[in-house]
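Read off the chains here:
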Amino acid sequence: MPRTSPFPIQLSATEAAELHRRSTKYTLPYFQVQRARIILMAAEGLENSEIAARLNTRRDVVSEWRKRFFLERLTGLEERSRPGRPRTFSP
């Protein structure tokens, strides 16, 4: 039995336009493009497992980004500061 997400995604026109822009931009970091694609597929009504299979990632990763977008919208897709020692090498 497939699991349904408790976080249904419905996009406004501006959110959909911004996510589509991010998902097709080659100069953005990969993680931003991937997150945008996750949310766009979730808005189409796909299940987390189907999105994970299409994007070659884990189901729990898709679930986490769906939840963060549902709760925080576009700001939830941004990187957060991480605890611990700062990076010693530049990206």
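Here is a short report on the structure shown in this document. (Residues numbered from 1 in each chain as written. Predicted model: local features only at pLDDT ≥ 70, side-chain atom pairs only at ≥ 80, totals over all residues. Heavy atoms only, no water.)

## Some points on the overall build of the protein
Definition in use: By the criteria applied, helices consist of DSSP H or I runs no shorter than four residues and strands consist of E runs no shorter than two, each listed in order from the N terminus. Type-normalised accessible area, obtained with a 1.4 Å probe on protein chains alone, sets the label of each residue: buried when under 20%, exposed when over 50%, and partly exposed for intermediate values. We call two residues in contact whenever any of their non-hydrogen atoms come within 4.5 Å of each other. When charges are counted, neither His nor the chain ends are considered; positive counts come from Lys and Arg and negative counts from Asp and Glu. Charge positions are represented by NZ for Lys, CZ for Arg, CG for Asp and CD for Glu.
Secondary structure summary: the protein contains 4 helices and 0 strands in total. Taken from the N to the C terminus, the helices and strands of the protein come in the order α-α-α-α. The principal-axis extent of the C-alpha atoms belonging to the protein is close to 45 × 30 × 25 Å. Within the protein, buried positions represent 30% of all 91 residues. Within the protein, contacts between residues at least 6 apart in sequence are counted, and of these 53% link residues at least 24 apart. Between the mean site of the 17 positive side-chain charges and the mean site of the 10 negative ones, the protein shows a separation of 5 Å.

## Quick word on the pattern of salt bridges
Under the convention used in this document: Salt bridge, as used here: a side-chain nitrogen of Lys or Arg that lies within 4 Å of a carboxyl oxygen of Asp or Glu.
Here the structure, examined in full by the defined rule, presents 8 salt bridges. For E18, the salt bridge identified is with R21, shortest N-O distance 2.7 Å. In this pair, E18 and R21 are both assigned in helix α1 (residues 13-24), 3 residues apart and thus about one turn of the helix distant. According to the relative accessible area criterion, R21 is partly exposed, its value standing at 38%.

## Points about unusual backbone geometry
Here N56, not a glycine, exhibits a phi torsion of approximately 55°, which is positive. Residue placement: N56 occurs in the loop between α3 (48-55) and α4 (59-72). A positive phi is found at R73, a non-glycine position, where the angle reads about 60°. Residue position: R73 is located in the segment after α4. The exposure class assigned to R73 is partly exposed, which follows from its relative accessible area of 26%.

## Some thoughts on the nonpolar core
One recurring pattern in soluble globular proteins: nonpolar side chains tend to sit buried together. Our working rule: To define a nonpolar core, start from buried Ala, Val, Leu, Ile, Met, Phe, Trp, Tyr and Cys residues and group those joined through side-chain atoms within 4.5 Å.
Counting 16 residues, the largest nonpolar core has L19, I38, I39, I51, F69 and L77 as the members making the most contacts within it. Every element with two or more residues in this core is listed here: α2 (30-43), α3 and α4. Considering each element in turn, this core owes the most residues, 6 residues, to α2.

## Some words on the packing of α3 against α4
What counts, and what does not: The axes are straight lines fitted to the C-alpha atoms, using for helices just the contacting stretch, and the angles between their N-to-C directions are given from 0 to 180°. Take the far helix as your reference; a near helix turned counterclockwise from it by less than a right angle gives a left-handed crossing, and one turned clockwise gives a right-handed crossing. Each residue is assigned to one class: nonpolar for Ala, Val, Leu, Ile, Met, Phe, Trp, Tyr, Cys and Pro, charged for Asp, Glu, Lys and Arg, and polar for all the others, Gly among them.
In contact at an axis separation of 8 Å, α3 and α4 are set at 115° when each is read in the N-to-C sense. Seen from above, α3 lies across α4 with right-handed handedness. Between α3, through N48, S49, I51 and A52, and α4, the contact on the second element is made entirely by R59, V62, S63 and R66. Each residue belonging to the contact of α3 with α4 can be placed in one class, and the counts come to 3 nonpolar, 3 polar and 2 charged.

## What about the side chain of R68?
So the rule is basically this: Between N or O atoms, a polar contact is any pair within 3.5 Å; within protein, one atom must be a potential hydrogen donor and the other a potential acceptor, and residues adjacent in sequence are included only when both atoms are from side chains.
By the secondary structure assignment, R68 is in helix α4. Of the side chains with opposite charge, E72 comes closest to the buried, unpaired R68, at an N-O distance of 4.8 Å. One polar contact links the side chain of R68 to the main-chain carbonyl oxygen of E78, over a distance of 3.0 Å. In contact with R68, other than residues within four places in its own chain, are R73, G76, E78 and R80.

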